[in-house]
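Breakdown of the fold
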Amino acid sequence: MSITIKTGLMALALLGSTALTAVTAHAADKEISWIYCGDTIDPVHTKYIKQWEEKNAGWKVTPEVVGWAQCQDKATTLAAAGTPVAMAYVGSRTLKEFAQNDLIVPVPMTDEEKKAYYPHIVDTVTFEGNQWGVPIAFSTKALYWNKDLFKQAGLDPEKPPKTWAEEIEMAKTIKEKTGIPGFGLSAKTFDNTMHQFMHWVYTNNGAVTDAEGKITLDSPQILAALKAYKDIVPYSEEGPTAYEQNEVRAIFLDGKVAMIQAGSGAASRLKETKINWGITTLPLGPDAKGPGTLLITDSLAIFKGSGVEDKATEFAKFITSPDVQSEYELQGGAGLTPLRPSKKVDEFVAKDPYWKPLIEGIDYGGPEPLFTDYKGFQNSMIEMIQSVVTGKAEPEAALKKAAGEIEAFK
């Protein structure tokens, strides 16, 4: 275990110990304790927890709902203190750190299980050849555009941009002709600022690390993405550093920006508005091989030392099994993309075509890079993006600086 990481985890445990005195024992036999992120338990999960308990006499699943901002830290605190819950909902990006610190157990997948997912999904939970979590939520992004604003600017409302160059030019035309921002840019000090930029990386055949883990951030493909980000700033909303993706989405829902990158949740909300909108795959950079997107998954991590690791793994695979999972993710409002292809997904695509571009970007998409210190990596990326968006640094210098910094976070 890294001394720095271990010290940080133990410090977190000490800081949280007073507030967590109510949860200081190992998960009891016959009980699977589950840190569940959010405001409430999804009714689909409540339904299938009950079903699983009925089929597993003597076992009880006890979810504890914890807000998004605290749930991951709470799982980490308990594990570092030696009092882990059996299972927790975590961002898959944290699995490497948990694994290296011996806090979770591997959850190997069979070849059949791996093949059931869309391409690259399993990569988001794989480290050193093993799987360390069970994917439970998946998001991709597509480009949404306001057809009426396109028309007002003299653009064809049925022809969205296919390339970055077209996207920037259309954003410019819309801003100049209507006074309304052509593109919604996220640059707030917030995790999805990095995510939004990574969509540009994966629409230009870029990668932060290669297959061997070598840092490849300072590449022509990513430099081109950062330059494109700079080029679209003048045609975006004023002060992008004040906005994260959901705030940008809110502006779009008010008809005050012409184009945004967003997930399926935007489509669900747009249905309740009078906006004349369209959705398509993300525009491509000059080196793109096909439609791409950042592939973000959240996973169920099985913590070491609960005493019920095997049964927790069994339950995790049940609650994310194809039938249960599709019922959960195809509700639409949560902004999720299906984890697996299926006849049910095909039916949803046929009924609501907006699902199609969200799925089409998967083949050439890529996962969140796995770093031992993910927050350190993320902060360097956000600082890089903000420095370019605000004009404090040129793309070349900002990229070179960030590439040097993230070496320490591998």
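Residues numbered from 1 in each chain as written. Predicted model: local features only at pLDDT ≥ 70, side-chain atom pairs only at ≥ 80, totals over all residues. Heavy atoms only, no water.

Under an unreviewed UniProt entry, the name given to the chain is Multiple sugar transport system substrate-binding protein, and the organism recorded is Rhizobium binae. Taken verbatim from the UniProt record of the chain, the Sequence similarities (unreviewed entry) comment is "Belongs to the bacterial solute-binding protein 1 family." (UniProt positions renumbered as here; feature names shortened; annotations may be inferred.)

Side note on the overall build of the chain
A tally of regular secondary structure across the chain gives 17 helices and 11 strands. In terms of C-alpha radius of gyration, the chain reaches 22 Å, essentially the compact-globule figure of 22 Å for 410 residues. Counting only C-alpha atoms and orienting by the principal axes, one finds that the chain spans roughly 65 × 50 × 40 Å. Across the 410 residues in the chain, those meeting the buried criterion constitute 56%. Long-range contacts, defined here as pairs at least 24 residues apart, represent 77% of the contacts in the chain between residues at least 6 apart. In the structure as shown, the chain presents an accessible area of about 17700 Å², 52% of it carried by carbon and sulfur atoms. Within the chain, one finds 42 positive and 53 negative side-chain charges whose respective centroids are separated by 2 Å. (Helix = DSSP H or I, 4+ residues; strand = E, 2+ residues; numbered from the N terminus. Rg over C-alpha atoms; globule rule 2.2 N^0.38 Å. Buried < 20%, exposed > 50% of the residue type's maximum accessible area, 1.4 Å probe, protein only. Contact = heavy atoms within 4.5 Å. Areas by Shrake-Rupley, 256 points an atom, 1.4 Å probe, with all protein chains shown as cover. Lys, Arg positive; Asp, Glu negative; His and termini not counted. Charge placed at Lys NZ, Arg CZ, Asp CG, Glu CD.)

Quick notes on helix H16 (residues 374-389)
The terminal C-alpha atoms of H16, which comprises 16 residues, lie 22 Å apart, in line with the 22 Å expected from a rise of 1.5 Å per residue. Summarising burial for H16: 13 of the 16 residues are buried, a large majority. Of the residues one or two after H16, Gly391 is the one with positive phi, at around 85°. (Expected span 1.5 Å × (residues − 1).)

Side note on the state of the cysteines
According to the stated counting rule, one finds one disulfide in the structure shown. Disulfide pairing places Cys37 opposite Cys71 at an S-S distance of 2.0 Å. Because the sign of the S-S torsion sets the handedness, a value of about 95° for the bond joining Cys37 and Cys71 places this disulfide among the right-handed ones. In this pair, Cys37 sits in strand E1 (residues 31-37) while Cys71 sits in helix H3 (residues 68-80), placing the two residues 34 residues apart along the sequence. The class for Cys37 is buried, based on a relative accessible area of 4%. (Disulfide = S-S within 2.5 Å.)

Brief notes about the sheet that holds strand E8 (residues 259-262)
Spatial ordering of the open sheet is given by E8-E7-E9, a layout of three strands whose pairing is antiparallel. Each end of this open sheet is capped by a strand with a single partner; those strands are E8 and strand E9 (277-280). For this sheet, the mean angle separating the axes of adjacent strands, direction not counted, is 25°. Across four bridges, the pairing between strand E7 (residues 142-146) and E8 is antiparallel. Within E8, the position partnered with Leu143 by the bridge is Gln261. Set on the sheet, helix H10 (residues 245-253) makes contact with E7 and E8; between it and E8 the angle comes to about 135°. (Pairing = 2+ DSSP bridges. Axes fitted to C-alpha atoms, helices over the stretch in contact; angles between N-to-C directions.)

Observations regarding the pattern of salt bridges
Using the criterion set out here, one finds 18 salt bridges in the structure. Linking Glu394 and Lys230 is a salt bridge whose minimum nitrogen-to-oxygen distance equals 2.6 Å. Of this pair, Glu394 sits in the loop between H16 and helix H17 (395-406) while Lys230 is found in helix H9 (residues 220-232), placing the two residues 164 residues apart along the sequence. Lys356 is the partner of Glu360 in a salt bridge, and the nearest nitrogen-oxygen pair spans 3.8 Å. Of this pair, Glu360 and Lys356 are both found in helix H15 (residues 355-360), four residues apart, which corresponds to roughly one turn of the helix. Overall, the relative accessible area of 36% leaves Glu360 in the partly exposed class. Given a relative accessible area of 46%, Lys356 falls into the partly exposed group. (Salt bridge = Lys/Arg side-chain N within 4 Å of Asp/Glu carboxyl O.)

Quick look at the layout of surface pockets
Taken as a whole, the second largest pocket encloses approximately 670 Å³ of empty space. Along its surface, the second largest pocket is lined by 26 residues, and Thr209, Asp210, Ala211, Pro367 and Pro369 are the ones closest to its centre. Elements with a minimum of two residues in the lining of the second largest pocket: strand E4 (126-127) and strand E11 (366-367). Here the residues of the lining of the second largest pocket are counted per class, giving nine nonpolar, nine polar and eight charged. (1 Å grid on protein atoms, 1.4 Å probe; cavity = no way out; pocket = protein on both sides within 12 Å on 5 of 7 lines; lining within 4 Å. Points joined across faces, edges and corners; volume = space filled by probe spheres on them. Nonpolar A, V, L, I, M, F, W, Y, C, P; charged D, E, K, R; others polar.)

Some thoughts on the pairing of E7
Most of E7 sits inside the fold, with five of its five residues counted as buried. Burial of the side chains of E7 extends over both faces: Ala142, Tyr144 and Asn146 are buried on one face and Leu143 and Trp145 on the other. Pairing geometry for E7 and E9, over four bridges, is antiparallel. Residue Tyr144 lies in a different strand from E9, and its bridge partner there is Ile279.

So, the nonpolar core
One finds Trp34, Tyr144, Leu300, Phe303, Phe315 and Ile319 to be the most contacted residues of the largest nonpolar core, which totals 78 residues. The next biggest cluster of nonpolar side chains, apart from the first, holds 52 residues, and it includes Trp164, Val208, Tyr229 and Ala258. (Core = buried A, V, L, I, M, F, W, Y, C linked by side-chain atoms within 4.5 Å.)

A word on the side chain of Thr280
For Thr280, the location among the structural elements is in strand E9. Those residues in contact with Thr280 that lie beyond four places of it in its chain are Ala142, Leu143, Trp145, Pro160 and Pro357.

Considerations on the packing of helix H2 (residues 43-55) against helix H13 (residues 322-329)
Where H2 contacts H13, the two axes come as close as 9 Å, and the packing angle between them is 155°. Classified by the angle between their axes, H2 and H13 sit roughly antiparallel to one another. When H2 is examined against H13, the residues Val44, His45, Lys47 and Tyr48 are found in contact with a partner set consisting of Val324, Glu327 and Tyr328. Tallied by class, residues from the contact of H2 with H13 come to four nonpolar, one polar and two charged. (Parallel < 35°, antiparallel > 145°, perpendicular 65-115°, else oblique.)

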